[in-house]
Amino acid sequence: MKKISLRSNLSKYLKTADSDWYKQRVVRVMFCVAGAFLILFARLFYLQVIHGQELRRLSENNCIRLQTTDSSRGMIFDRNGIPLVDNRPAFDLSIILKDAKPVERTIEKLSKLSKQINVSESELMSKIGRSKDISSYKPILLKQDMGRDALAAVEVRKFDLPGIVVDVKPRRHYIYRQSAAHLIGYLSEINSDELKSGKYPGSKGGDFIGKFGVEKAFEPFLRGKRGGRQVEVNVIGQVVRVLKTVDAQPGQNIYLTIDHTVQKKAEVLLEGTAGAVVAMDPKTGNILALVSSPSFDQNTFVDGMSHKQWNSLISNPLRPMENKAIQGEYPPASTFKIITAIAGLEEGIIDKNTTFYCPGYYKYGNRVYRCWRRGGHGSVNIFKALAQSCDVFFYQVGQRLGVDRLAFYAKASGLGTPTGINLDNEAAGLIPTAAWKKRRTGIAWQKGETLSIAIGQGYNLTTPLQMLVLTSAMANGGTRYKPLILESVKTVSGDIVIQGKKQAVGKLPAGKTTLEIIKKGLWEVVNNPKGTGRIAHIKGIDVSGKTGTAQVVGRTNDSTQSETDRPKHHTPHAWFVAYAPSVDPQIAVAVLVEHGGHGSSAAGPIAREIIRAYLEKDEYGRQLKAESSKVGAESSKQF
Amino acid sequence: MFDRRFVKYFDWGLLGFTFLLGFLGLATLYSAVTSATPTPQKILYFKQLIWYCAGMTGMVLSFLINYKSLDRWAPVIYAACILLLIYVLMIGKHVGGARRWLILGPVSIQPSELIKIAVIISLARYYSKHANTKGFTLRELFTPLVLTIIPFILIVKQPDLGTAILVVLIAGSMTVFVRIERRSLLCIITACTITVPLVWFLLKGYQKKRILTFLNPDRDPLGAGYHIIQSKIAIGSGMISGKGFLKGTQNALSFLPEQHTDFIFSVLAEEWGLVGSVVILILFLTLIIWGLNIAYRCREPFGTIMAVGVAAMIFWQVFINIGMAMGLMPIVGVTLPFISYGGSSIISIMICIGLLMSISMRRFLFE
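Quantities reported herein were computed from a predicted structural model and do not represent experimental measurements. (Residues numbered from 1 in each chain as written. Chains lettered and ligands numbered in written order. Predicted model: local features only at pLDDT ≥ 70, side-chain atom pairs only at ≥ 80, totals over all residues. Heavy atoms only, no water.)

Enquirer: So what's going on with the overall build of chain B? Which residues, and what values?
Expert: Looking only at helices and strands, chain B has 14 helices and three strands in total. Look at the contacts in chain B between residues 6 or more apart in sequence, and 74% of them connect residues 24 or more apart. Summed over all atoms, the accessible surface of chain B reaches about 16,000 Å², with 70% contributed by carbon and sulfur. (Helix = DSSP H or I, 4+ residues; strand = E, 2+ residues; numbered from the N terminus. Contact = heavy atoms within 4.5 Å. Areas by Shrake-Rupley, 256 points an atom, 1.4 Å probe, with all protein chains shown as cover.)

Enquirer: Pulling in residues and values, what's your account of the overall build of chain A?
Expert: Looking only at helices and strands, chain A features 24 helices and 23 strands. Taken over 639 residues, chain A has a buried fraction of 49%. Partitioning the contacts of chain A with sequence separation of at least 6, the portion at a separation of at least 24 is 71%. Roughly 30,600 Å² of accessible area belongs to chain A as shown, and the carbon and sulfur atoms make up 53% of that amount. (Buried < 20%, exposed > 50% of the residue type's maximum accessible area, 1.4 Å probe, protein only.)

Enquirer: Give a description of the packing of helix α12 (residues 264-297) of chain B against helix α13 (residues 301-325) of chain B that names residues and reports values.
Expert: Packed helix pairs are characterised by how far apart their axes lie and by the angle those axes make with each other. Residue and element names in this part refer to chain B. Orientation of α12 relative to α13, taken along the N-to-C sense of each, is 165°, at an axis distance of 9 Å. Between α12 and α13, the angle is such that the two are roughly antiparallel. Here α12 and α13 pass one another in a crossing that is left-handed. Where α12 abuts α13, its residues Phe265, Ser266, Leu281, Phe284, Leu287, Ile288, Gly291, Leu292, Ile294 and Ala295 lie against Thr304, Ala307, Val308, Ala311, Ile314, Phe315, Val318, Asn321, Ile322 and Ala325. For the contact of α12 with α13, the class distribution of residues is 16 nonpolar, four polar and no charged. (Axes fitted to C-alpha atoms, helices over the stretch in contact; angles between N-to-C directions. Parallel < 35°, antiparallel > 145°, perpendicular 65-115°, else oblique. Left-handed = near helix turned anticlockwise from the far one by under 90°. Nonpolar A, V, L, I, M, F, W, Y, C, P; charged D, E, K, R; others polar.)

Enquirer: Could you give me a rundown of the environment of A:Ala588, with the residues and numbers involved?
Expert: With respect to the helices, strands and loops of the structure, A:Ala588 is situated in strand β23 (residues 587-593). Dropping the residues within four chain positions of it, A:Ala588 is found in contact with A:Val278, A:Ala279, A:Met280, A:Pro282, A:Leu468, A:Ser472, A:Ala578 and A:Tyr579.

Enquirer: Describe the sheet that holds strand β21 (residues 544-550) of chain A, naming the residues involved and giving the relevant values.
Expert: All names here are of chain A. Pairing is antiparallel across the open sheet formed by five strands, whose spatial order is β12-β11-β23-β22-β21. The open sheet is flanked by β12 (287-293) and β21, the only strands paired with a single partner. Strand-to-strand twist of the sheet, defined as the mean angle between neighbouring strand axes without regard to direction, takes the value 5°. Contacts from helix α12 (residues 260-270) reach β11 (275-280), β12 and β23 within the one sheet, and its direction differs from that of β12 by about 25°. Helix α23 (residues 512-527) rests against β21 and β22 (573-580) of the sheet, and its axis sits at about 75° to β21. (Pairing = 2+ DSSP bridges.)

Enquirer: Before we move on, can you summarise the sheet that holds strand β9 (residues 239-246) of chain A with the specific residues and values?
Expert: Note: strands within a sheet are paired through backbone hydrogen bonds, in either parallel or antiparallel orientation. Residue and element names in this part refer to chain A. Taken in spatial order, the three strands line up as β1-β8-β9 in an open sheet, and their pairing is antiparallel. Of all the strands in the sheet, the pair left with one neighbour each is β1 (64-69) and β9. Going across the sheet, the axis of each strand differs from the next one's by a mean of 30°, ignoring polarity.

Enquirer: Tell me about the interface of chain A and chain B, residues and numbers included.
Expert: Taken residue by residue, the interface counts 45 residues in chain A and 60 residues in chain B. A buried area of about 4,600 Å², summed over both sides, lies between chain A and chain B, and 75% of it is on carbon and sulfur atoms. Across the chain A-chain B interface, the total number found is zero salt bridges. Linking chain A with chain B are seven residue pairs in polar contact (both at pLDDT 80 or more). Counting only elements with at least two residues in the side of chain A that touches chain B, the list comes to α1 (2-15), α2 (19-50), α3 (52-60), β1, β8 (227-233) and β9 of chain A. Looking at which element gives the most residues to the side of chain A that touches chain B, the answer is α2(A), with 22 residues. (Buried area = accessible area lost by both parts, 1.4 Å probe. Salt bridge = Lys/Arg side-chain N within 4 Å of Asp/Glu carboxyl O. Polar contact = N/O pair within 3.5 Å; in protein donor to acceptor, adjacent residues only side chain to side chain.)

Enquirer: Account for a nonpolar patch on the surface, naming residues and giving values.
Expert: The grouping of B:Phe142, B:Leu145, B:Val146, B:Ile149, B:Ile150 and B:Ile153 at the surface amounts to a nonpolar patch, some 520 Å² of accessible area in total. Relative to the assigned elements, B:Val146 resides in helix α6 (residues 142-156). (Patch = residues over 30% accessible without salt bridge, like charges linked within 9 Å, V, L, I, M, F, W, Y side chains within 5 Å.)

Enquirer: Give a description of the side chain of B:Ser231 that names residues and reports values.
Expert: Along the polypeptide, B:Ser231 turns up in helix α10 (residues 224-237). A distance of 2.9 Å separates polar atoms of two side chains, one belonging to B:Ser231 and the other to B:Ser266.

Enquirer: Report on the side chain of B:Glu300, specifying residues and quantitative values.
Expert: Residues and elements named next belong to chain B. Tracing the backbone shows glutamate 300 in the loop between α12 and α13. Despite its burial, glutamate 300 remains without a salt bridge, the nearest opposite charge being carried by lysine 68 at 5.8 Å. Within polar-contact distance, the side chain of glutamate 300 engages the side chain of tyrosine 67 at 2.7 Å. Within the structure, the side chain of glutamate 300 is placed 2.7 Å from the backbone nitrogen of glycine 303, a separation counted as a polar contact. (Lys, Arg positive; Asp, Glu negative; His and termini not counted.)

Enquirer: An account of the pattern of salt bridges is needed here, citing residue identities and associated values.
Expert: Residues and elements named next belong to chain A. A full pass over the atoms with the stated rule returns 26 salt bridges over all chains. The residue aspartate 303 makes a salt bridge to arginine 88 at a minimum N-O spacing of 3.6 Å. Of this pair, aspartate 303 sits in helix α13 (residues 299-303) while arginine 88 sits in strand β3 (residues 83-95), and the two are 215 residues apart along the sequence. The residue arginine 405 makes a salt bridge to glutamate 347 at a minimum N-O spacing of 2.6 Å. Remark: glutamate 347 occurs in the loop between α16 (337-346) and β13 (356-358) and arginine 405 occurs in helix α19 (residues 403-412); sequence separation between them is 58 residues. For arginine 405, a relative accessible area of 32% gives the class partly exposed.

Enquirer: Any chance you could break down the packing of α12(B) against helix α14 (residues 343-361) of chain B for me, citing the residues and the numbers?
Expert: Residues and elements named next belong to chain B. Their axes nearest at 9 Å, the elements α12 and α14 cross at an angle of 35°. Seen from above, α12 lies across α14 with left-handed handedness. Note on element contacts: α14 touches α12 through Ile353, Leu356, Ile359 and Ser360, opposite Leu287, Gly291, Ile294 and Arg297. Tallied by class, residues from the contact of α12 with α14 come to five nonpolar, two polar and one charged.

Enquirer: Before we move on, could you go through α6(B) and cite the residues and values that matter?
Expert: Residues and elements named next belong to chain B. Here α6 is 15 residues long and its end C-alpha atoms lie 21 Å apart, about the 21 Å a rise of 1.5 Å per residue gives. Buried within α6 we find Pro144, Leu147, Thr148, Pro151, Leu154 and Ile155. Along the axis of α6, the buried residues cluster in a sector spanning 135°; they form a single face. Considering only its buried residues, α6 is in contact with α4 (69-91), α5 (111-130) and α7 (161-178). (Expected span 1.5 Å × (residues − 1). Arc of directions from axis to C-beta.)

Enquirer: Can you tell me about the nonpolar core, naming the residues and giving the values?
Expert: Within the largest apolar cluster, 120 residues are counted, with the highest numbers of intra-cluster contacts made by A:Phe37, B:Ile115, B:Tyr127, B:Phe265, B:Phe284, B:Met306 and B:Phe338. When residues no more than four places from it in sequence are discounted, the contact partners of A:Phe37 are B:Leu281, B:Phe284, B:Leu285, B:Ile288, B:Phe315 and B:Val318. Among the nonpolar cores identified, the runner-up in size contains 95 residues, and A:Leu345, A:Ile382, A:Phe383 and A:Phe393 belong to it. (Core = buried A, V, L, I, M, F, W, Y, C linked by side-chain atoms within 4.5 Å.)

Enquirer: Which residues make up helix α3 (residues 42-64) of chain B, and what values do they have?
Expert: For α3(B), built from 23 residues, the straight-helix expectation of 33 Å at 1.5 Å per residue is met to within 8% by its first-to-last C-alpha distance of 34 Å. If you check which residues of α3(B) are buried, you get B:Leu44, B:Tyr45, B:Gln48, B:Trp51, B:Tyr52, B:Gly55, B:Gly58, B:Met59, B:Ser62 and B:Phe63.

Enquirer: I'd like a description of the packing of aromatic side chains, backed by residues and values.
Expert: In the structure shown here, the tally under the stated rule is 34 aromatic pairs over all chains. Arranged with centres 5.1 Å apart and planes meeting at 70°, the rings of A:Trp436 and A:Tyr459 form a pair that is edge-to-face. One end of the pair, A:Trp436, is in helix α20 (residues 434-441); the other, A:Tyr459, is in the loop between α21 (447-454) and α22 (464-476), and 23 residues separate them in sequence. Accessibility expressed as a relative area gives 13% for A:Trp436, which makes it buried. Look at A:Tyr459 and you get partly exposed, because its relative accessible area is 28%. Where B:Trp316 meets B:Phe319, the ring centres are 6.4 Å apart and the plane angle is 80°; that geometry is what we call edge-to-face. In this pair, B:Trp316 and B:Phe319 both sit in helix α13, three residues apart, roughly one turn of the helix. The structure contains a cluster of three or more aromatic residues connected by ring pairs, namely A:Tyr186, A:Phe212, A:Phe296, A:Phe301 and A:Trp310. Cation over ring: A:Lys23 sits above B:Tyr296, and NZ or CZ is 5.3 Å from the ring centre. (Phe/Tyr/Trp six-rings, centres within 6.5 Å; stacked < 30°, edge-to-face > 60°. Lys NZ or Arg CZ within 6 Å of the ring centre and 35° of its normal.)

Enquirer: I'd like a rundown of unusual backbone geometry, residues and numbers included.
Expert: All names here are of chain A. A cis geometry characterises the amide bond from serine 293 onward to proline 294, with omega recorded as -5°. Assignment of secondary structure puts proline 294 in the loop between β12 and α13. At the junction of alanine 580 and proline 581, the peptide bond is cis and its omega measures out at -15° in the coordinates. Locating proline 581 in the fold gives a position in the loop between β22 and β23. Of note in the backbone geometry, aspartate 584 takes a positive phi value of approximately 50° without being a glycine.

So, to be careful, I would describe these as geometric facts and stop short of saying anything about function.
Right, here's the structure in full:
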């Protein structure tokens, strides 16, 4: 027993770390430290003695510079691959003061080229003077986008101009001036808030970013990634050797759903007016054209515009900067009768046989509500009411429905809320309810107001795009699609990154029979000899539609004021919504002309021409094909 | 209470080295902050002077305290530092995307600098209690592992990878010093070789890329790679005798990133050349050996292990910082003791020096 405990004590003693053991370990640590320091000494010797000369030379005129290479922004095409936006090379002239020794001589020589470069000597000097305190290796921009003549002049005298550098930078170019400007949007210089926001990783001051429209909505795809290189430069700042390069990654290309020919057609038709046109493929929600008139030239945002130009843009009473197709809120007028008709039919207030008598006015309470046609429409059923846009018929229906039931159907049809198009600042419009009015004005809903609502006047406000979604849902049998502007995002080599997908957001609150009845009514609008929209009739194409004439000032009883001497800003807005062909529709259109007058005369022809441009183009294409094959056959016969 | 042997055994040599390094550090910092264009930050130099005064106070306090009482206080110190780290994560000041600073009136401190000392003390306490010549087994290493991992995770979250790695290196060095049992060591090594590729496999593409750039800055020639090449040019262009005080061109033209903190050695090497760099390296080497010698002469394990920990801390900071500036190591933000600008860094190194003094002058208590 005693022996064992002694041994265990002994072994415990031997295992215990005593002072000598620690000393031994400390000595080892000292050797490790000394070894590590040897590495440091060796490296120091290697850098300062063996490579000292070379590194001293590199430091003397600090030859290693970083240059960034901008990525080229993705292009934008229409659905058929027609380029709408591309990049052109722009030549920027800069000076690096450190290399331009002596600075005065270089400037003097440069100013001799002022005719080509178009900058005076004093201007040059002031630009340099302003930046004198900045690190002298930083290039100072003398002239942006100086043009090819100036480039040639500078390049020829390159060796006389030390420190002068020409940078080639891709610059945004909107090929068709003013075309689809509101849809495509524009680029402009990034501001400090945007830089700080962190939404634009990798950007720096002076960069251009999308500020509006597609350029903004698809900024992350379009932008690409900046590259750069480490270069060795000589004494006058010219690159001698590229040490390392990181390639810039070009942005991805955007293919839009719009059809350039239709878009262009719509723009020509709207020229000189304020208004909007939107067209859509009713089966997918693809936007075929989106026009807001008047337009603006996007290139001026990139090239820089003068204060005066900017002021005239924002003070123009026709509001060119507003995208009227999605931001403009107008009373839907008679186009709203589609909603009243749906509500009436669905709620069982009317059926296809119900008739009301229209004497040209409707007395309600102590007020007389007039029909647009003074003489009245006589006995009217739903088809005639739609075709001839009889107000009295819809007064009757609306009065029986009440404002809240009307609002329910309008909202269920997508009115009063943004459609969700991928563009900024879309307006919601307004569908009033009794509760809304009470909250808003504190006054209870007056029953008479419901009559105005039933014909799309009063508080009702909609955007052209909302009316288009409604029309196209009518056309396709009741499905509301989200308006799509993106067909696809493709890489430079053509691989699809994202494919636009149709997206149903809801159904019209209408059964099959209801839709059939209304569609027949809409067909009669254009095809009945008495229809209000017969102006949109196209030979060979079956068009359906609805006119609308939105009162800007209240319709008055006094007939002293004739239509002609009414001031322009009291002239009603003209609406026309349409789809074609009536069976298996390919295109739906909404047209609004501000202060255009009657929907039939001002907006109808525009809708007609757009439908024709879209649908006949196919036939035109087929014709071309047939002709070319005929020619081919003939030519083959000859040989 | 006051023992005359305190004066007799006071480590005057260590004090001398501290002053010498402090003086050289201030001179280098002066050059780094005044000749830099476009914005000389002379104010930093005066701030650093104040930090040195604060550090001196910390040093005096820590050598007056009997280091053995730290054995008892270790858990409290450790817990307090961890709480500070958690606190700073929650409400710390954001600087350049990281939460590292705690605002205390007019000054801001980095708790991550203080935790290094807390880890050294805590591990010294644990290892000195359980030490044996066979080394520590895996089971015994569990507590030190936890003590290290907690601050590591908290610091990585800030994020301050440099300091986090430093904590692990210090703890690792101390553990290797007290010896790991052979079989456990084998286990640890095999476990590491298995998990590293496994973790690599689990990482996402961009994370891998970031680590590769971290290991090899040349992959990022416009960012880290550029800094490295400019730093190498600065050091190499100093050649044997240097360009002279305040005459460094790389420094003056702002080609050096973070020239007053992470890349301060480049400023020194550019202006003082091989001669100056070697002098600084020798001073650091001597300081570390001095620290280890204190460990050598100390007669009880707690003091020995703590001194080794402090020496390890100084060693790793010097080795990583200078190695990084010379392109031997990936770029991590680790300060160079005594020389880099930074209040918390100065105070923590001075406290560590005070600890060494305390251990050194109390060795007689065992005679």
